[in-house]
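Coordinate inspection notes
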Amino acid sequence: MHRKSLLWHIFLPFLAVIVLSLVLITGYTSRSLRDFFYQQSSSDLTTRAHLMTDEMVPLLLRDDEAAIQRTCEVRGKASDTRVTVVAPDGRVIGDTREDPAGMDNHGDRPEVREALAGRVGSSERYSATLGHRRIYVAVPVRHDGSIIAALRTSHSLTSIERALAVVQQRIALGGLLLAFGAAVISFVLARRISVPLRQMKEGAERFAAGQLGTRLSMAPDSEEIGALAETFNGMAEQLQDRIRTIENQRNEQEAVLASMVESVLAIDRDEVVIGINRAATELLGIEPAMAEGRTLQEVVRNPDLIALGKGVLGGGGPVEGEIVLRRDGERHLQVHATGLQGLEGQRLGALLVLNDVTRIRRLESLRRDFVANVSHELRTPITSIKGFVETLQNDPPADPDVARRFLTIVNRQADRLQAIIDDLLSLSRLEQEGGSAELAREATPVRPLLQDAVDISTARATDDVPTVRLECVDDLEVMVNAPLLEQALVNLLDNALKYSGTATEIVVAAHAEPDLIVVSVRDDGRGIAPTHLPRIFERFYRVDKARSRNMGGTGLGLAIVKHIAQAHGGEASVSSTLGEGTTFTITLPRRPDVDRAMDA
Amino acid sequence: MHPHLNHAFKRLKKSLFTLSAAVEENLHLAVKAVLEGEPGLVDQIRARDLEIDLMEVDFEEECLKVLALHQPVAIDLRFMVAVLKINNDLERIGDLAVSIAEHAPHLTGKDPVDTARKLPRMAEKAQSMLRKSLDAIVGMDADLAREVLATDDEVDADYYETSQELKALMRKDSSQVDELLGMMLVCKHVERIADLATNIAEDAIYMADGEIVRHGRYHASGER
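Numbering of residues starts from 1 in every chain and runs along the sequence as written. Going through the entries in the order they are written, you letter the chains from A and number the ligands from 1. Predicted model: local features are reported for residues with pLDDT of at least 70 only, side-chain atom pairs are reported and counted for 80 or more only, and whole-chain, interface and lining totals are derived from all residues. With hydrogens and water stripped out, all remaining heavy atoms of the structure feed into the side-chain values.

1. Overview of the overall build of chain A
Per the convention used, a helix needs a DSSP run of H or I reaching at least four residues, while a strand needs a run of E reaching at least two, with both numbered from the N terminus. Of the regular secondary structure elements, chain A holds 16 helices and 17 strands. On C-alpha atoms alone, chain A measures out to a radius of gyration of 66 Å, which is more than a quarter above the 25 Å that the 2.2 N^0.38 rule sets for 600 residues. The C-alpha extent of chain A, read off along each of the three principal axes, is 210 × 65 × 45 Å. A simple rule labels every residue: compare its accessible area, found with a 1.4 Å probe on the protein chains alone, to the largest value its type can have, and call it buried under 20%, exposed over 50%, or partly exposed in between. Evaluated residue by residue, chain A yields a buried proportion of 40% over its 600 residues. Expressed as a percentage of contacts within chain A between residues at least 6 apart in sequence, the contacts between residues at least 24 apart total 58%. Surface accessibility in these figures is a Shrake-Rupley result with a 1.4 Å probe; residues are shielded only by whichever protein chains are displayed. A total of about 33600 Å² of accessible surface is found on chain A, and carbon and sulfur atoms cover 55% of it. Only four residue types enter the charge count: Lys and Arg as positive, Asp and Glu as negative, with His and the chain ends excluded. The atoms used to mark charge sites are NZ of Lys, CZ of Arg, CG of Asp and CD of Glu. Charge separation in chain A, taken as the distance between the mean sites of 69 positive and 82 negative side-chain charges, equals 8 Å. Put simply, the radius of gyration uses C-alpha atoms, and a globule should come to 2.2 Å times the residue count raised to 0.38. Throughout, a contact is declared for two residues whenever any of their heavy atoms are within 4.5 Å.

2. Some thoughts on the packing of helix α1 (residues 6–62) of chain A against helix α2 (residues 65–79) of chain A
Residue and element names in this part refer to chain A. For helices, the fitted line uses only the C-alpha atoms of the stretch in contact; every axis is such a line through C-alpha atoms, and the angle between N-to-C directions lies from 0 to 180 degrees. Contact geometry for α1 and α2: axes closest at 10 Å, N-to-C directions at 165°. Relative to α2, α1 is oriented roughly antiparallel. Our pair here, α1 against α2, has a crossing hand that is right-handed. Packed against α1, whose contacting residues are Arg48, Met52, Glu55, Met56, Leu59, Leu60 and Arg62, the element α2 presents Ala67, Ile68, Thr71, Cys72, Arg75 and Ser79 at the interface. Residues belonging to the contact of α1 with α2 are distributed by class as follows: 7 nonpolar, 2 polar and 4 charged. Small angles under 35 degrees read as roughly parallel and large ones over 145 as roughly antiparallel, with 65 to 115 read as roughly perpendicular and the rest as oblique. Each crossing is labelled by how the near helix is turned from the far one, with a counterclockwise turn of less than a right angle marking it left-handed and a clockwise turn marking it right-handed. Throughout this entry, Asp, Glu, Lys and Arg are counted as charged residues, while Ala, Val, Leu, Ile, Met, Phe, Trp, Tyr, Cys and Pro are counted as nonpolar. The remaining residues, Gly among them, count as polar.

3. Let's talk about the sheet that holds strand β14 (residues 505–512) of chain A
Residues and elements named next belong to chain A. Any two strands with at least two DSSP-identified bridges between them are counted as paired. Pairing in this open sheet of 5 strands is mixed, and the strands run β12-β14-β15-β17-β16 from one edge to the other. Among the strands making up the open sheet, the edge pair consists of β12 (467–471) and β16 (571–577). The mean inter-strand angle of the sheet, taken between neighbouring strand axes irrespective of direction, is 15°. On top of the sheet, helix α13 (residues 482–499) reaches β12, β14, β15 (516–523) and β17 (581–589); it is set at about 25° to β15, its chief contact.

4. Overview of a nonpolar patch on the surface
All names here are of chain A. Only residues whose relative accessible area exceeds 30% and that take part in no salt bridge are eligible for patches, with like-charged residues grouped when within 9 Å of each other and nonpolar side chains (Val, Leu, Ile, Met, Phe, Trp, Tyr) grouped when within 5 Å. Should a side-chain nitrogen of Lys or Arg be within 4 Å of a carboxyl oxygen of Asp or Glu, the pair is scored as a salt bridge. Side chains of Phe180, Val184, Phe187 and Val188 sit close together on the surface and give an oily, nonpolar patch of about 380 Å² of accessible area. You can see Phe180 is positioned in helix α4 (residues 158–208). A relative accessible area of 58% places Phe180 in the exposed class.

5. Considering empty space enclosed by the protein
Detection works on a 1 Å grid of protein atoms alone, calling trapped sets that fit a 1.4 Å probe cavities and calling open sets with protein on both sides within 12 Å along at least five of seven lines pockets, with lining residues defined by an atom within 4 Å of a point. Grid points are joined across faces, edges and corners, and a volume is the space filled by probe spheres set on the points. Scanning all chains against the criterion turns up 4 cavities of 30 Å³ or more. By volume, the largest cavity amounts to about 180 Å³. If you trace the largest cavity, you find 15 residues lining it, with Val300, Arg301, Leu325, Arg326 and Arg327 of chain A closest to the centre. Those elements that provide at least two residues to the lining of the largest cavity are α1 (3–36) and α5 (119–139) of chain B.

6. A look at the packing of α4 of chain A against helix α5 (residues 223–258) of chain A
Helix packing geometry: the angle between the two helix axes and the distance between the axes. Residue and element names in this part refer to chain A. Axis separation between α4 and α5 bottoms out at 11 Å; the angle between their running directions is 5°. With respect to each other, α4 and α5 are oriented roughly parallel. Contacts from Ile193, Pro196, Met200, Ala204 and Phe207 of α4 reach α5 at Ile225, Leu228, Ala229, Phe232, Asn233 and Ala236. Looking at the contact of α4 with α5 residue by residue, the classes come out as 10 nonpolar, 1 polar and no charged.

7. Remarks on the sheet that holds strand β2 (residues 92–95) of chain A
Residue and element names in this part refer to chain A. Pairing within the open sheet is antiparallel, and its 5 strands lie in the order β2-β1-β5-β4-β3. Because the sheet does not close on itself, it has two edges, and the strands there are β2 and β3 (121–127). Across the sheet, the axes of successive neighbouring strands diverge by a mean angle of 25°, strand direction being ignored. Looking at chain direction, strand β1 (residues 82–86) and β2 are connected through 3 bridges and run antiparallel. Along β2, the bridge assignment pairs Val86 with Val92. The sheet contacts of α1 involve β1, β2, β3, β4 (132–143) and β5 (146–156), and relative to β4 the element is tilted by about 40°. Sheet strands in contact with α2 are β1 and β2, and its direction is about 35° off that of β2.

8. Notes on the packing of aromatic side chains
Residues and elements named next belong to chain A. Paired rings are identified among Phe, Tyr and Trp, the last through its six-membered ring, by centres lying within 6.5 Å, and are further divided according to the angle between planes into stacked (under 30 degrees), edge-to-face (over 60) and tilted (the rest). In total, this model carries 4 aromatic pairs over all chains according to the counting rule given. Between Phe36 and Phe37, the ring centres sit 6.2 Å apart and the planes meet at 50°, which makes this aromatic pair tilted. On the basis of relative accessibility, which here comes to 47%, the residue Phe36 falls in the partly exposed class. The criterion for a charge sitting over a ring is simple: Lys NZ or Arg CZ within 6 Å of the ring centre, and within 35 degrees of the ring normal. Above the plane of the ring of Tyr136 lies Arg125, whose end atom (NZ or CZ) is 4.3 Å from the centre.

9. Quick word on the interface of chain A and chain B
Contacts between chain A and chain B engage 21 residues on the former and 23 residues on the latter. Together, the buried faces of chain A and chain B total about 2100 Å²; carbon and sulfur atoms form 53% of this surface. In this assembly, chain A and chain B are joined by 5 salt bridges. Among the ionic pairs, Glu24 of chain B bridges to Arg301 of chain A, the shortest N-O distance being 3.0 Å. Two N or O atoms form a polar contact when they lie within 3.5 Å of each other; inside protein one atom must be a possible hydrogen donor and the other a possible acceptor, and for residues adjacent in sequence the pair counts only when both atoms belong to side chains. Scanning the region where chain A abuts chain B turns up 7 residue pairs in polar contact (both at pLDDT 80 or more). Only α8 (296–299) and α9 (303–313) of chain A provide two or more residues apiece to the side of chain A that touches chain B. Residue contributions to the side of chain A that touches chain B peak at 3 residues, all from α9 of chain A. Looking at the side of chain A that touches chain B residue by residue, the class counts come to 6 nonpolar, 4 polar and 11 charged. Two parts lose some accessible area (1.4 Å probe) when they are put together, and adding that loss for both gives the buried area.

Next comes the structure, spelled out in C-alpha cells:
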C-alpha cells in the first residue's frame, strides 16, 4: 500500500471542509441575492404597470389601438421596459417591441391569466419572442369594476444574472485564496507534527541498526511527542543494557571455552561443526574459520572420531574412546562424547571433549618397555651363566681348557650383569638426585676432562680406532660434577666408536655460548634413521637390536647421558643424517658464579 | 540449487570424507608398518581396507541414485563427476596401502629403510599430498590443489633416484635381492599413491574452477 505523507492527511480534509462550505455559502448567497433582485424587479414592474393603467383606460375605452400601441412604445422605451396590453380575450393590443398583429394570443400566459382574473400576476420565464429570460408582471386594467384589459410589463433578467455572476466570481476567488491559506496553514501544521516524528523514525532506525548509544532529541512543544521520544530513549537504554549483559555473558563463556586446556568440539545432528575452541583447533591443526559450518568428516577426517560422533548422535549415553591422530606425528587423544541437549530435552547434537594423552601413553609404554627390557637384559646373561654352570656341574668337560673357556664366558656374562646393574644404579641415583641442588659441583677446566674421556674410551676400544680430534679452547671452565660429565662423554664416545660403523673421524668439541656450554661428539659414520631419533635416549632402546647387544652394550648408555645432562640442568640432544654421520650434543647452563670464576 | 539436491550433496560429501578418513588412516598405518616395523598392523590395515571397499561401492551407488533422481546440470554435474572419480582414486590408494603394508614383514629387521633413504621423505610427501588435495576439496581451494601438482614432480624425482640406488645395490650384492625388490615395490606404490593424490587434486581444481588440468595441460598453460 502506498502511504501518503502526513501533509496530505492534514491538508486534504482541510481543503474538503473549505470547498464544501464555500459551495454552500455561494449557493445560499446567490439564491438570496437572486430572490432579493426578483422581488425588487417585480415590485418595480408592478409600480410601472399601475402608473400606466390610468393612461391606458381612456384609450381602451376609445378602442384606439394605434394610440395604445404608440403609448406602449413611448412609455416602454422611456423606462427600458417592455409594455404589453392584452385584451380580455387574450389578443395583444399593444406592445413595445413587436407589432401586436403578428403576436399570438397571450391569454394563456400565467401572469396575464392572473391579471384578467383580477389579481396581480407575475412570472419569470424564457421569452421565445426575445430570446432571453425575462420577468413579467401583469396588472388588471379596470373600469367601473370590470376588467377591460391586462397591462403587462416585463424586464430582462440578464443584468441581474450578470450581477449575480460577478458576485459568485468574487466569492470563488475568495474561496481560492482561503484554500491557499488553508494549504499554507496545514503545511505548517503538518510539518510541526511530522518533523519530530521523522526525527523519531530516524532515531528508531539508528537503534535498529544497533547504534543504541545515540539518543533522540526531545520535541519540547508537544507533550505527546515529547513523551514518545522519552519512551524511545528509555527503551534504547534498556536494550543497550540487555545487549551489553548478553554480550558480556557470551564473552565470558567464550573466554572460558577458549582458555580451556581440553579441546572442545560441538556438532549438530547433521554432524556439522557448530562450535570449536582454540585448543581444539590447535590440536587438530585446523583453521577456526574453516571449521564452523562444515561437517566433522571434512574438518577432522579421522575415522575413529567420526565413528564416535556418529555413535553419540545415534542415541545412547556418553561414549568414551581413545583415538590416534596422525597429523605431523602421532597423538593419542582421549575423547569423551556426550549428547547436546536443548532446553526441552531434545537432542541438538553432540559435544566432543578431547584430551591429549600422548605424554601419558608414552610414559606408560616407556615403563612397560622398561620392565620388559630389564627382565630381558638380565635374563640373557643369567641364562648363559646358568647353562655353562650346569654343564660344568653335571657333565664336567675332560679338557681343562674347555672348562676354563666356559668359566671365562661365565665371568664375562657376570661382568655384563654387573655392568647393567651398575648402570641401572647410577641411573636411579641420577634420577633421585635429579634436582641439581644435591649435585656436588666444582669449577672444572673442560679440555682436560674431554681428554680424559677420549683416553678412557680409546683405550677400551679394540678394533682399529678412527681418529679422535679435540676442539676446545684451553681456558674454558664449567661448573659440573666432573666424574659424571666424564662418564657421559665416555658413553657418547663408546657409542661413536662402536656403532658409527664406517666412521673415520670423531670430533669431540666444546664451546661457550652466552648462557650455555655446548659439548658435542660428532662422527661421520653411517648415521641413524630419523624414526629412531626421538626414542634413542630411552632406556634399553636399541637402533639395531642384534648388533648392539653383541657389542656388549647395556642399552643404558644414552639414557645415562640424558640423565647426567638433566641433573646439571641441561639437555642432551641428537641430530643425524643417514650416510653422513651423527652428532650428540650436551648443553649445560652456565652459572653466574662460573662466569665470575672465569673472569678472575 | 534445489534443496533436495543440496541435501544429497551434503550426504555425499560426508560419505566421501568418511571414506577418505579411512584411506588416510590406512596409508599412515602402512607407512608406519614399513618404517617402524610393526608387523601387527597388517591385519588391522586389511580389515579396514575391506570397509573401504564396501564404502566405495556404497558411495558409487549413492552417486548413481543422485544422478538418476536429480539429474544435476552444470556445476552440480561437475561435482558429481569429480566425486565419482575421487571415490575411485581413494579406493586405489587404499589397495596400494595394503600392498605396502604386506611388504612390511619381509623388510623388518634388515634395516631396509637405510637402503632406501628417501623412502620416509617420499612417504611423508605422498601423505601430505593426499591430505592437501582433500583439504583443497573441503575448502574448494584450487591454489592448494596446484601445490599438490607441483609436489608430485618431487616425488617422481625421488622415486627415480631411489630406484637407481636400489638397482645398483642389487647388482652389487645379489643375496639381498628379495628385500631390495620389496623395497623397490614399496617405493613404486608410494609413487603411485602420489600420482593418485595428484588426480584427486586435479579433480579438486576441476570442481573449483571447471578447468581440466590433466595430461600436462597444467604445465602447458604456463601457470607455474
